[in-house]
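Coordinate analysis (summary)
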Amino acid sequence: MRKTHLATAIGVEACKKGYNVKFFRTAALVNRLVEARKGGELSGFLKQLSKASFNMR
């Protein structure tokens, strides 16, 4: 089993139990962080990420 499949399975089970989960591919997360920083929205994006019970990267 690949790490991605394992992370997805853990995240899905967490969702079933009522947790908030955010899924990101590493490159997509880095790109989103860079875009948020350029747009002056980094602190808001980080705050949004911190609201998740689990952050799957």
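Residues numbered from 1 in each chain as written. Predicted model: local features only at pLDDT ≥ 70, side-chain atom pairs only at ≥ 80, totals over all residues. Heavy atoms only, no water.

1. With respect to the pattern of salt bridges
- Counted under the stated rule, the structure contains 1 salt bridge.
- For the salt bridge of K16 with E13, the shortest nitrogen-to-oxygen distance reads 3.2 Å. You can see K16 and its partner E13 sitting in helix α1 (residues 3-16), 3 residues apart, about one turn around the helix.
- Residue K16 is classed as exposed on the basis of its relative accessible area of 63%.
- A relative accessible area of 40% means that E13 is categorised as partly exposed. (Salt bridge = Lys/Arg side-chain N within 4 Å of Asp/Glu carboxyl O. Helix = DSSP H or I, 4+ residues; strand = E, 2+ residues; numbered from the N terminus. Buried < 20%, exposed > 50% of the residue type's maximum accessible area, 1.4 Å probe, protein only.)

2. Describing the packing of aromatic side chains
- This structure, assessed with the given rule, holds 1 aromatic pair.
- Directly above the aromatic system of F45 lies the positively charged group of R32, at a separation of 4.4 Å from the ring centroid. (Phe/Tyr/Trp six-rings, centres within 6.5 Å; stacked < 30°, edge-to-face > 60°. Lys NZ or Arg CZ within 6 Å of the ring centre and 35° of its normal.)

3. Digging into α1
- With 14 residues, α1 extends 20 Å from end C-alpha to end C-alpha; this agrees with the ideal 20 Å at 1.5 Å per step.
- G18 occupies a position one or two residues after α1 and carries a positive phi of about 95°. (Expected span 1.5 Å × (residues − 1).)

All we've got here are geometric facts, nothing functional implied.
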